[in-house]
Amino acid sequence: MRGAMGIGRSFLLDPRALARSGKSWAGIVPVGRFDRLTRLAGARATAVDVRLDFGLDDQGRCRARGSARLRTGVPCQRCARTVGRAVEADIDLFVLASEAEARALTPGHDTCVVTDPRVPIAELIEDDLLLNFPEHGCEDRDACPHARLGAYRAPSPECAGESSDARRDSPFAVLQGLAATQDSGAG
Ligand SMILES: [Zn+2]
């Protein structure tokens, strides 16, 4: 059995009880437990690897810190490939009982207002995963390394001034190429 007590397969956590006893929760959560993440990642992702350490801050507030990660395929609009990418989110979240408590906290902290004692784990980490979800399959869409091989290649100002694909051999060559194009085209 993996993870903390009382969770079973429901993936419901009692964050405050975990925090009071200074416990951690680690486990593999099926992507189907995350509505929005499932819509975004579709069938290309299977599970989210989660680790959360719970504790109380000096004012007795429940704080969860840890990480959540998954691997999924993300389509690239430039080369039309689906590229395997890791989605990694660092979690640092206060679990609070009311909006008033959340407002009393120094701005800049992530908060989750939970009125029931137990909360689905998705509610604690899904926002952070969505925020860290890659927008493009290829890390730099404009310097997509597959573009010249792909079936689809959008005409773009950067490509218009480029006579040789050989210059795309390294990311740095691409950057130099872009800079040169911008310089000559700016006047
Ligand atoms: Zn691409």
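The following refers to the structure shown. (Residues numbered from 1 in each chain as written. Predicted model: local features only at pLDDT ≥ 70, side-chain atom pairs only at ≥ 80, totals over all residues.)

Considerations on the nonpolar core
Definition in use: The term nonpolar core refers to a set of buried Ala, Val, Leu, Ile, Met, Phe, Trp, Tyr and Cys residues connected through C-beta atoms within 7 Å. Working definition of burial: number of other C-beta atoms within 10 Å of the residue's own, with buried at 20 or more, exposed at 12 or fewer, and partly exposed in between, all C-beta atoms being placed from the backbone. Only runs of H or I of at least four residues qualify as helices and only runs of E of at least two qualify as strands under DSSP, and these elements are numbered from the N terminus. What counts as a contact is two residues whose backbone-derived C-beta atoms lie within 7 Å of each other.
Core analysis: the largest hydrophobic core is formed by 29 residues, its most contacted members being Val-31, Val-48, Val-50, Ile-121, Ile-125 and Leu-129. Every element with two or more residues in this core is listed here: α1 (15-20), β2 (24-30), α2 (35-41), β3 (47-56), β4 (62-75), β5 (82-96) and α4 (121-131). Among residues more than four places away in sequence, those in contact with Leu-129 are Leu-37, Val-48, Ala-68, Val-87 and Ala-89.

Points about the sheet that holds strand β6 (residues 110-113)
To be explicit about the condition: For two strands to pair, DSSP has to find at least two bridges joining them. Comment: axis = line fitted to C-alpha atoms, over the contacting stretch for helices; angle = value between 0 and 180 degrees taken between N-to-C directions.
Taken in spatial order, the five strands of this open sheet run β2-β3-β4-β5-β6, and their pairing is mixed. Single-partner strands in this sheet number two, and they are β2 and β6. Neighbour-to-neighbour, the strand axes of the sheet open up by a mean angle of 30°, direction not taken into account. Packing of α4 onto the sheet brings it into contact with β2, β3, β4, β5 and β6, and relative to β5 it is tilted by some 125°.

Considerations on unusual backbone geometry
Unusually for a residue other than glycine, Ala-80 sits at a positive phi of about 65°. For Ala-80, a count of 15 C-beta atoms within 10 Å translates into the label partly exposed.

As for the environment of Leu-131
By secondary structure assignment, the location of Leu-131 is in helix α4. The spatial distance from the C-alpha of Leu-131 to the C-alpha of Ala-89 is 8.1 Å, given a sequence separation of 42 residues.

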